[in-house]
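Residue-level structural notes
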Amino acid sequence: MSASTSHAIQTYGLTRRYRDVLAVDRLDLCIERGEIYGFLGLNGAGKTTTIRMLLGMIHPSGGRAALLGAQVRRGGRGPWDHVGYLVESPAPYPGLTVAENLWAAARLRGVDDAVVARVVERLGLAPYASRKARSLSQGNRQRLGLALALFHEPELLILDEPANGLDPAGVVEVRELLQALAADRGVTVLMSSHVLAEVDRLATRIGIIHEGRLIEEMSAAEMERRRALRLVVETRDTSAARRVLRAAGYRPEPGGDGLVLRDARAVARPDDVAATLAAAGHPPARLAVEQEDLEAHFLRLTAGGRGAAGGDPAPGVTTGRAVAS
Amino acid sequence: MTGFSAALRVEVLKVRRSAAPLLTALAFSIAPLVGGLFMYILADPDRARRMGIIGQKAQIVGSGSDWPAYFAILSQAATIGGFILFAFVVAWVFGREFSDGTVRYLLALPASRSAIIGAKFVVVALWCAAGMLLITALGFAVGAALDLPGWSPAVAWHGVWQMWAGAALTLLVVTPVALLAGVGRGYLAPLGFAMLMLIMAQIVGVTGRGAYFPWSIPAPFAQAAGSAGGDVTTIGFAVVAVTGVAGAAGTFAWWLYADFSR
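Conventions and cut-offs
Per chain, the residues get numbers from 1 upward, laid out in the order the sequence is written. Just so you know, chain letters begin at A and ligand numbers begin at 1, following the order they were written in. Local features are withheld for residues below a pLDDT of 70 in this predicted model, meaning they are given only at 70 or higher, and side-chain atom pairs are given and counted only at 80 or more; totals for whole chains, interfaces and linings count all residues. By the criteria applied, helices consist of DSSP H or I runs no shorter than four residues and strands consist of E runs no shorter than two, each listed in order from the N terminus. Two residues form a contact once the distance between their C-beta atoms, set from the backbone, is within 7 Å. We compute the radius of gyration from the C-alpha atoms alone; for a globule the expected value is 2.2 Å times N to the 0.38, where N is the number of residues. For the exposure call, what matters is how many other C-beta atoms sit within 10 Å of a residue's own: 20 or more marks it buried, 12 or fewer exposed, and in between partly exposed, using C-beta atoms placed from the backbone. For two strands to be treated as a pair, DSSP must find at least two bridges joining them. Between N-to-C directions, angles cover 0 to 180 degrees, with each direction set by a line fitted to C-alpha atoms, over the stretch in contact for helices. Three classes are used: nonpolar for Ala, Val, Leu, Ile, Met, Phe, Trp, Tyr, Cys and Pro, charged for Asp, Glu, Lys and Arg, and polar for all others, with Gly counted as polar. The directions considered for the arc run from the helix axis to the C-beta atoms. Domain segmentation is taken from an automatic or database assignment of domains. pLDDT expresses how confident the predictor is about each individual residue, on a scale running from 0 to 100. Handedness of a crossing is defined here by the sense of rotation of the near helix relative to the far one, left-handed for an anticlockwise turn of less than a right angle and right-handed for a clockwise turn. Working definition: the nonpolar core is a set of buried Ala, Val, Leu, Ile, Met, Phe, Trp, Tyr and Cys residues, joined through C-beta atoms within 7 Å. A helix is expected to span 1.5 Å for every residue after the first.

We now examine the overall build of chain A. Per the secondary structure count, chain A includes twelve helices and 15 strands. Residue pairs at least 24 apart in sequence account for 67% of intrachain contacts in chain A once pairs closer than 6 positions are excluded.

Encoded structure:
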């Protein structure tokens, strides 16, 4: 495709309005080739509308988009030879078998059947090749949806909820597949997902869209920095404990119901912190090493829209209350 | 029309793997079989009286029991019944993509949307032609089995021409159904539109304006019983042609420029 740009996806003030509803509001995305971009947002945030605009399925009310250097125009020729996509849930032709669905897609893309056979093997669809799509399990339907997105070896993959319906082994397989495609062939992946842990593991950059606007973007490195471990300490006398810890060379900050220490030595040796406080007559009532994960971060950022952050955190997710933003 | 042949192969596969062709084949078979039954009833006036309502209906529809009368019944079937069946075929070919959600796989492809829509129209034409072939072949078989009088090559040629020309006119006026399948995103709107136009055709025909209403024109052309439209004029043919072109052009334009938000 075009070698004139290093951007796989670029949007300029991309906007979509449905009467009084601003579904996407002046979205400026710039995704480099080879990136795995996690596109996050609550239901109705504008993710799928954005994806449909990128694929030329919806005409923007304002702004424009370019994929692989080619402008996206409604109904027009785009860079579709080099783009694979899965929009919302997969919907293969129910009366066609897995093999026939792929055969049909291959005809429309002008791709050899040999290429199709490879992706069937790679996604574990070979045992189901002669099964009608309507009788597939949700997981295998998802695999077929991914196969339809991948079989022509695209340079750019746009995937809406790629891990939807997959069992844990399937999630790992797809993760490894996407990582391999990005690493080995420089494939760019834009994936929206509600499985934040999956995005966390896979994405090299994350964008959070809320009420149609891109409210935050961060790289994996930045994400890692924000995920830095910290020691949360709660005592009966927070002020006194703070003085003791300062005197011991720590840098405690108020946070939550106690203190937060980000010092590497405090995180590495919380027992030393406990001993210091106990020796000064302020033994910790609670001492925990915590980490803000992507989910907590996401919920805090989008709290205004749905009150999601005000609710209980998901099981196994560290609460964001002790995190300095 | 990049990718047209590929799109055509794909559309043919979708049709082959569906039960819809079998269902339409059964529906297309009804006309020659019921027409044959009417010919059998009308061959004997006493039999027609004994058959009660069916006999009365046979007398209304059929002018006699011979090949010209039988061809007239088949021509009516090709236009009035054909309209419903052709509309079903169009609604299935175009509307199914929306009801099954498969339309999303047709929108961002190297094969152009025009090629895909063109292939769909060709499949519709082939499907309807296959239905007409079935009516024709079954009609000849049933007529021969009943040993209908009045056969001659000229009668047969005239009957077949009338039947197929009526079907061609009908096919032209179902193209707006394809547009409605897109606008309505499924089966319901196009089939509802087809039923409405069928009713409107009867009403407009009775008012004497049938020559200008596209859906009233094919039936008079096929000399439908009870039609007040009379012979089709040049204006009538033009109206049908314009309707066909407008329906097809509207369908192409809609697929090129509409938003596919579902």
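What follows picks up the thread again.
The next point concerns the overall build of chain B. For chain B, the count of helices and strands is eleven helices and zero strands. Tracing chain B from N to C terminus, the helices and strands come up as α-α-α-α-α-α-α-α-α-α-α. By the compact-globule yardstick of 18 Å for 262 residues, chain B fits well, its C-alpha radius of gyration being 20 Å. Counting every position in chain B, which comprises 262 residues, the buried fraction comes to 49%. The long-range fraction of contacts in chain B, counting pairs at least 24 apart against all pairs at least 6 apart in sequence, stands at 74%.

Residues and elements named next belong to chain A. Pairing is antiparallel in the open sheet, where four strands are placed in the order 13-14-12-15. Across the chains shown, the open sheet's two edge strands, defined by having one partner strand only, are strand 13 (252-255) and strand 15 (286-290). Between one strand axis and the next, the sheet turns by 30° as a mean value, whatever way the strands run. Where helix 8 (residues 238-247) meets the sheet, it contacts strand 12 (230-234), strand 13 and strand 14 (258-261), and its direction lies at approximately 25° from that of strand 14. Each of strand 12, strand 14 and strand 15 is contacted by helix 10 (residues 270-279), which is oriented at about 155° to strand 15, the strand it contacts most.

All names here are of chain A. Spatially, six strands are ordered 7-8-9-4-10-11 in an open sheet, and the strand pairing comes out mixed. The open sheet is flanked by strand 7 (83-86) and strand 11 (213-219), the only strands paired with a single partner. Neighbour-to-neighbour, the strand axes of this sheet turn through a mean angle of 15°, independent of strand direction. Note: strand 4 (residues 36-40) against strand 10 (residues 205-210), four bridges, orientation parallel. Paired with Phe39 across the bridge in strand 10 is Gly207. Sheet strands touched by helix 1 (residues 47-54): strand 4, strand 8 (156-160), strand 9 (188-192) and strand 10. Its angle to strand 8, the strand with the most contacts, is close to 150°. Taken strand by strand, helix 11 (residues 294-301) contacts strand 4, strand 10 and strand 11, and its axis lies near 30° from that of strand 10.

Turning next to the interface of chain A and chain B. At the interface, 27 residues of chain A touch 25 residues of chain B. Elements with a minimum of two residues in the side of chain A that touches chain B: strand 7 and helix 2 (98-109) of chain A. At six residues, helix 2 of chain A tops the list of elements feeding residues into the side of chain A that touches chain B. Split into classes, the residues belonging to the side of chain A that touches chain B amount to 15 nonpolar, six polar and six charged.

Turning to helix 3 (residues 113-122) of chain A, a few remarks are in order. Residues and elements named next belong to chain A. Among the residues of helix 3, Val116, Val119 and Val120 are the ones counted as buried. Buried residues in helix 3, looked at end-on, bunch into an arc of 105°, giving them a common side. Counted as exposed and oriented over 90 degrees from the buried face of helix 3: Ala114 and Glu121. On its buried face, helix 3 sits against helix 2 and helix 4 (138-150). Looking one or two residues past helix 3, Gly124 carries a phi angle of roughly 65°, positive in sign.

Looking at the assigned domains, one finds that chain A contains domain 1 (34-52 + 80-208 + 218-224) and domain 2 (229-290). For domain 1 of chain A versus domain 2 of chain A, the distance between C-alpha centres works out to 46 Å.

Looking now at the pairing of strand 7 of chain A. Residues and elements named next belong to chain A. Residues Val83 and Tyr85 of strand 7 are buried on one face, and the alternating residues Gly84 and Leu86, pointing to the opposite face, are buried as well. Here strand 7 runs beside strand 8; their pairing, made up of four bridges, is parallel. Its bridge partner being in strand 8, Tyr85 is matched across the sheet by Ile158.

Before going further, it helps to spend a moment on the confidence of the model for chain A. Residues and elements named next belong to chain A. Within chain A, residue pLDDT values average 85, and 90% of them lie at 70 or more. Mean pLDDT values for the elements of chain A range from 55 in helix 12 (residues 303-306) up to 96 in strand 7. When the criterion is pLDDT under 50, residues 305-325 qualifies, and its contacts beyond four places in sequence or with other chains add up to 37 contacts.

All names here are of chain B. At a minimum axis distance of 9 Å, the contact between helix 5 (residues 67-99) and helix 8 (residues 175-183) shows a crossing angle of 35°. Our pair here, helix 5 against helix 8, has a crossing hand that is right-handed. Taken together, the residues of helix 8 that come into contact with helix 5 (itself represented by Ala87, Val90, Ala91, Phe94 and Gly95) are Val177, Ala178, Ala181 and Gly182.

This part covers the pairing of strand 2 (residues 21-27) of chain A. Residue and element names in this part refer to chain A. Bridge count between strand 1 (residues 7-18) and strand 2: four bridges; the pairing is antiparallel. Bridge pairing links Arg16 to Val24 in strand 2. The turn linking strand 1 back onto strand 2 is made up of two residues, and Arg19 within it adopts a positive phi angle of 50°.

Right, let's talk about the nonpolar core for a bit. Residues Ala147(A), Ile158(A), Ala87(B), Val89(B), Val90(B) and Val177(B) are the most contacted members of the largest nonpolar core, which totals 155 residues. Residue contributions to this core peak at 21 residues, all from helix 5 of chain B. In this structure, Val90(B) is in contact with Val124(B), Val174(B), Val177(B), Ala178(B), Ala181(B) and Pro190(B), ignoring residues within four places of it in sequence. The next biggest cluster of nonpolar side chains, apart from the first, holds twelve residues, and it includes Leu231(A), Val233(A), Val244(A) and Leu261(A).

Next up on the list: unusual backbone geometry. Residues and elements named next belong to chain A. In this model, Glu161 sits at a positive phi of 50°, which is unusual for a non-glycine residue. With respect to the element layout, Glu161 can be found in the loop between strand 8 and helix 5 (168-185). A count of 21 C-beta atoms within 10 Å places Glu161 in the buried class. Residues other than glycine seldom take positive phi values, yet Glu211 does so here, at roughly 50°. Within the element layout of this structure, Glu211 appears in the loop between strand 10 and strand 11. Residue classification places Glu211 among the partly exposed residues on the basis of 18 C-beta atoms within 10 Å.

Residues and elements named next belong to chain B. Taking 1.5 Å as the rise per residue, helix 7 (residues 153-173) with 21 residues should run 30 Å; its terminal C-alpha atoms sit 30 Å apart, in good agreement. Where helix 7 is concerned, the buried positions are Gly159, Met163, Gly166, Ala167, Leu169, Thr170, Leu171, Leu172 and Val173. Contacts made by the buried residues of helix 7 are with helix 5, helix 6 (113-146), helix 8, helix 10 (218-221) and helix 11 (234-257).

Once that is clear, we can look at the confidence of the model for chain B. All names here are of chain B. When pLDDT is averaged along chain B, the result is 89, and 91% of the positions lie at 70 or above. Ranking the helices and strands of chain B by mean pLDDT puts helix 8 first, with 97, and helix 4 (residues 53-61) last, with 66. With pLDDT under 50 throughout, residues 224-230 is counted as low confidence; its partners more than four residues away or in other chains account for 22 contacts.

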